[in-house]
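Given next are the chains, with one letter for each unit.
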Amino acid sequence: MSDDIVTLEVSDHIAIVTLNRPPVNALNRAMRDRIVAVFDEISERSDVRVAILTGNGKVFCSGADLKDRPDPSKVGAFHDHNRITRETGNCIRECAKPVIAAINGVALGAGLGLMASCDIFYASEEAVFGMPEINVGLAGGAAMLNTLFGRSMVRRMFFTGYRVPAAELYRLGIIEACTTRENLMPEAMKIAREIAAKSPIAMEYAKNAANMVELMPPRDAYRFEQNITMALSKTEDAKEARMAFLEKRAPVFKGR
């Protein structure tokens, strides 16, 4: 598996993950395997506190590579393909660190799914989003669309392959900013630095809480968060945060 197909750079506690399979960053098996490996690595690295996912070139990700479909005549091939397809998004969603999407261009199908798996969304003015599976004889992606859009938009996109420009997503409040291509990474880096300055142990708890409360009834979700607060209150970082606030200085976190 080539590391070049999805690159990982780490500096100042920020990991930049770049899809790098020209010309359109279409997802094949090797690319999916590399994405899973990269985000599992990020979860475990103590020198990473936040990640940015972006694409190389003018396209973020055109979706799944249709030349890399499983052979339906081969027993078990579709199950194997579907498993790694699920995990391509799950490894981002379940990453212990927050993941910021910096969508530099077209994000279609599985490419839109990658964005939907991230925590915070930025996009360039050239970015366009869609789930065109229906146009190539497939029907998948409604679960991803449901995390981003309301009922009518989900079904319009799912049934017709309608593509939504970044400016419309910004108008709807789905993405944080719609920037020029040149300003995309600087804008994403601003919030990445803000997150990286927080207590890393608190941030990992926060990421876990954000994922879990989506699945819980409000009463259980609040209790879950209270338990996290109790656990955090006993950490060295929590004590440092309180002392820094009282002493009007920047905190120095140790991640414990």
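What you are looking at is a predicted structure, and each value in this text was computed from that prediction instead of being measured.

Observations regarding the overall build of the protein chain
In step 1: Scanning the protein chain for helices and strands turns up 10 helices and 10 strands.
In step 2: At 19 Å, the protein chain has a C-alpha radius of gyration in line with the 18 Å of a compact globule built from 256 residues.
In step 3: Across its three principal directions, the C-alpha atoms of the protein chain cover 65 × 40 × 40 Å.
In step 4: The buried share of the protein chain, taken over its 256 residues, is 44%.

Focus: the sheet that holds strand β4 (residues 59-61)
Adjacent strands of a sheet form backbone hydrogen bonds with each other and so pair up, either parallel or antiparallel.
In step 1: Strand order across the open sheet formed by 4 strands is β4-β6-β8-β9, with mixed pairing between neighbours. Sheet topology places β4 and β9 (164-165) at the edges, where each strand pairs with a single neighbour.
In step 2: Pairing analysis gives 2 bridges linking β4 to strand β6 (residues 106-108), with the strands arranged parallel. Across the sheet, the residue bridging to V59 is V106, located in β6.
In step 3: Contacting β4, β6 and β8 (128-130), helix α3 (residues 110-117) runs over the sheet at an angle of about 95° to β6.

A closer look at the nonpolar core
In step 1: Counting 48 residues, the largest nonpolar core has I35, F39, L53 and F129 as its most contacted members.
In step 2: Every residue in contact with F129, bar those within four places of it in the chain, is listed here: I103, A107, L108, L112, M115, A123, M157, Y162, R163, V164, A166 and L169.
In step 3: In this structure, I100, A102, Y122 and I191 belong to the second largest nonpolar core, which totals 16 residues.

Concerning helix α7 (residues 181-196)
Because the α-helix completes a turn every 3.6 residues, residues three or four places apart line up on one side.
In step 1: If you check α7, its first and last C-alpha atoms are 23 Å apart, about what 16 residues at 1.5 Å a residue would give, namely 22 Å.
In step 2: Among the residues of α7, those classed as buried are L184, A188, M189, I191, A192, I195 and A196.
In step 3: On its buried side, α7 packs onto β2 (14-19), β3 (50-55), β5 (99-103), β7 (120-124), β10 (177-179) and α8 (200-213).

Some points on the environment of R32
In step 1: Looking at where R32 falls in the secondary structure, it is placed in helix α1 (residues 29-44).
In step 2: For the pair formed by R32 and R181, sequence separation is 149 residues and the distance between their alpha carbons is 25 Å.
In step 3: Apart from residues no more than four positions distant in its own chain, R32 is found in contact with L27, A64, I84, T85, T88 and A110.

Some thoughts on the state of the cysteines
In step 1: Tallied over the entire structure, the rule returns 0 disulfides.
In step 2: The thiol of C95 is unpaired, and the distance to the nearest cysteine sulfur, on C91, comes to 7.9 Å.
In step 3: For the unlinked cysteine C118, the closest cysteine sulfur is that of C95, found at 9.5 Å.
In step 4: Residue classification places C118 among the buried residues on the basis of a relative accessible area of 6%.

Observations concerning the sheet that holds β3
In step 1: Spatially, β1-β2-β3-β5-β7-β10 is the arrangement adopted by the 6 strands of the open sheet, whose pairing is mixed. Only two strands of the sheet have a single partner each, and these edge strands are β1 (6-11) and β10. When the angles between neighbouring strand axes are averaged without regard to direction, this sheet yields 20°.
In step 2: In terms of strand pairing, β2 meets β3 through 6 bridges, oriented parallel. Pairing of A15 across the sheet is with A51, part of β3.
In step 3: The strands that α1 touches are β1, β2, β3 and β5; relative to β1, the one it contacts most, it runs at about 20°.

Structural notes on the packing of aromatic side chains
In step 1: Counted under the stated rule, the structure contains 1 aromatic pair.
In step 2: Summarising the aromatic geometry, the rings of F158 and F159 are spaced 6.1 Å apart at their centres and angled 40° between planes, so their arrangement reads as tilted.
In step 3: Here R156 stacks its cationic end above the ring of Y162, 3.7 Å away from the centre of that ring.

Focus: the pairing of β3
In step 1: Across the 6 residues of β3, 6 count as buried, placing the element largely inside the fold.
In step 2: Residues of β3 alternate between two faces, with V50, I52 and T54 on one and A51, L53 and G55 on the opposite face, all of them buried.
In step 3: In the classification by handedness, the crossover that spans β2, the intervening α1 and the parallel β3 is right-handed.
In step 4: Direction of pairing for β3 relative to β5: parallel, over a ladder of 3 bridges. Bridging from a neighbouring strand, L53 pairs with A101 of β5.

Some words on unusual backbone geometry
In step 1: Residue P23 is reached from P22 by a cis peptide bond, and omega for that bond is 5°.
In step 2: Within the secondary structure layout, P23 lies in the loop between β2 and α1.
In step 3: Here the phi dihedral of H13 falls at roughly 70°; this positive angle occurs in a residue that is not glycine.
In step 4: Phi angles above zero are rare outside glycine, and K248 is one such case at about 55°.
In step 5: Relative to the assigned elements, K248 resides in the segment after α10 (236-246).
In step 6: A relative accessible area of 76% places K248 in the exposed class.

What counts as what
- Residues numbered from 1 in each chain as written.
- Predicted model: local features only at pLDDT ≥ 70, side-chain atom pairs only at ≥ 80, totals over all residues.
- Heavy atoms only, no water.
- Helix = DSSP H or I, 4+ residues; strand = E, 2+ residues; numbered from the N terminus.
- Rg over C-alpha atoms; globule rule 2.2 N^0.38 Å.
- Buried < 20%, exposed > 50% of the residue type's maximum accessible area, 1.4 Å probe, protein only.
- Pairing = 2+ DSSP bridges.
- Contact = heavy atoms within 4.5 Å.
- Axes fitted to C-alpha atoms, helices over the stretch in contact; angles between N-to-C directions.
- Core = buried A, V, L, I, M, F, W, Y, C linked by side-chain atoms within 4.5 Å.
- Expected span 1.5 Å × (residues − 1).
- Disulfide = S-S within 2.5 Å.
- Phe/Tyr/Trp six-rings, centres within 6.5 Å; stacked < 30°, edge-to-face > 60°.
- Lys NZ or Arg CZ within 6 Å of the ring centre and 35° of its normal.
- Right-handed = clockwise from strand over helix to strand, strands pointing away.

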